Amino acid sequence: MSTSPSIIIGGTVAIDHVKTPEAEGKNLLGGSAAYAALAASFFNRPVDLVGIIGHDFPQEHLEMLESRGVTLTGVERSESESFTWSGEYHANMNERTTHNVGLNVLESWQVKVPAEIAAASIVVLANMSPDNQLQMLSQSTHSNPFVIADTMDLWIAIANERLHEVLPKLDIFVLNEGEARELAGTNNLVKAGRILLEKGPKNVVVKLGEFGAMLFAGNGELFRCSAYPLESLADPTGAGDTFLGGMAGYLASQGAAPYDSATLRQAVIQGSILASFTCEAFSTRRLQEIGRDELNARIEEFRGATAW
């Protein structure tokens with residue numbers, strides 16, 4: 001484990017309030033970087049987390065992350081209130097309504113990466129503004145880090161130019177299918193993947209939710225992975241961030257970059273299967289219950305279900 005590449009993950013660390021047709025959860029651990037860091041810790045430890053929290057952030061969430069090998073050296077503490085998100089999922093669980101977003105500590109956040117973790121060989125830019133992503137990347141002291149980044153429709157709409165500055169710096173660019181269509185300007189996902197590659201990232205991964213993911217490799221290869229079929233869906237919040245962190249953690253467990261297409265494909269599968277656990281309970285609760293044995297068993301089950 002000690003010889004594995006080090007991972008640093010930056011993004012939001014939040015307090016979530018989530019309501020579904022079946023239940024409701026308050027003061028939950030949320031935020032793109034929190035999910036991604038916990039996911040990466042399944043494969044590689046330590047994972048260095050970079051973000052900002054307020055005075056009201058629950059201590060139990062921080063203790064849980066530390067217990068899973070996530071270091072909090074890069075988590076800035078503020079006297080302001082934490083970033084919060086409140087939302088409600090509807091009957092089909094694919095649609096949700098955001099009731100409130102409290103930016104709070106994020107309003108004027110400038111990313112600060114402590115020197116002792118700045119040399120990480122894998123840098124994960126979880127969902128945050130392109131400005132914050134560029135700030136974090138500029139503070140990397142590694143000579144050639146492997147960079148993975150996520151984004152969202154908001155940044156495509158209001159920070160498109162800055163997002164395009166991020167893209168050529170990426171080894172893997174991750175986004176969902178709606179975002180891929182919007183950013184590429186086409187409804188055809190295969191065309192969208194090719195167009196996004198032309199914008200600079202070496203590889204592109206398009207998340208398809210309950211239908212899996214597609215990997216567009218820089219060498220021209222296309223890989224499609226289906227999702228693990230779930231009988232019940234409790235809360236899909238954070239599944240995409242779990243996918244992101246799972247991919248990064250798996251890649252780190254395979255040694256230093258560069259990674260061949262077979263390794264990238266396996267990273268997509270590992271991330272996808274790990275994300276399926278996230279959907280089975282509110283917040284990170286299901287991820288906190290399982291270990292590598294449960295993950296490996298589900299991967300083997302998935303392998304049998306998709307072999308032909």
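Residues numbered from 1 in each chain as written. Predicted model: local features only at pLDDT ≥ 70, side-chain atom pairs only at ≥ 80, totals over all residues. Heavy atoms only, no water.

**Q** How would you explain the packing of helix H9 (residues 261-278) against helix H11 (residues 292-306) if you had to name every residue and give the values?
**A** One can describe the packing of H9 onto H11 by two numbers: an axis separation of 10 Å at closest approach and a directional angle of 115°. When the interaxial angle is binned, H9 and H11 end up roughly perpendicular. Considering only the axes of H9 and H11, their crossing is right-handed. Contacts from Ile269, Gln270, Ile273, Leu274, Ser276 and Phe277 in H9 reach Glu294, Leu295, Arg298, Ile299 and Phe302 in H11. When its residues are assigned to classes, the contact of H9 with H11 shows 7 nonpolar, 2 polar and 2 charged. (Axes fitted to C-alpha atoms, helices over the stretch in contact; angles between N-to-C directions. Helix = DSSP H or I, 4+ residues; strand = E, 2+ residues; numbered from the N terminus. Parallel < 35°, antiparallel > 145°, perpendicular 65-115°, else oblique. Left-handed = near helix turned anticlockwise from the far one by under 90°. Contact = heavy atoms within 4.5 Å. Nonpolar A, V, L, I, M, F, W, Y, C, P; charged D, E, K, R; others polar.)

**Q** How would you explain the environment of Pro58 if you had to name every residue and give the values?
**A** In this fold, Pro58 is placed in the loop between strand S4 (47-53) and helix H2 (59-67). Pro58 sits in the buried class, given a relative accessible area of 16%. C-alpha separation for the pair Pro58 and Ser82, spaced 24 residues apart in sequence, amounts to 9.8 Å. Ignoring anything within four residues of it in the chain, the contact list for Pro58 reads Ile15 and Asn27. (Buried < 20%, exposed > 50% of the residue type's maximum accessible area, 1.4 Å probe, protein only.)

**Q** Give me the lowdown on the nonpolar core, citing residues and values where you can.
**A** Counting residues in hydrophobic clusters, the biggest one holds 60 residues, and the most contacted among them are Ile9, Leu49, Val205, Val268 and Leu274. In this structure, Leu274 is in contact with Ala39, Phe42, Phe43, Thr242, Gly246, Leu287, Ile290 and Leu295, ignoring residues within four places of it in sequence. If you look at the next biggest cluster of nonpolar residues, it comprises 40 residues, including Val105, Ile156, Leu167 and Leu175. (Core = buried A, V, L, I, M, F, W, Y, C linked by side-chain atoms within 4.5 Å.)

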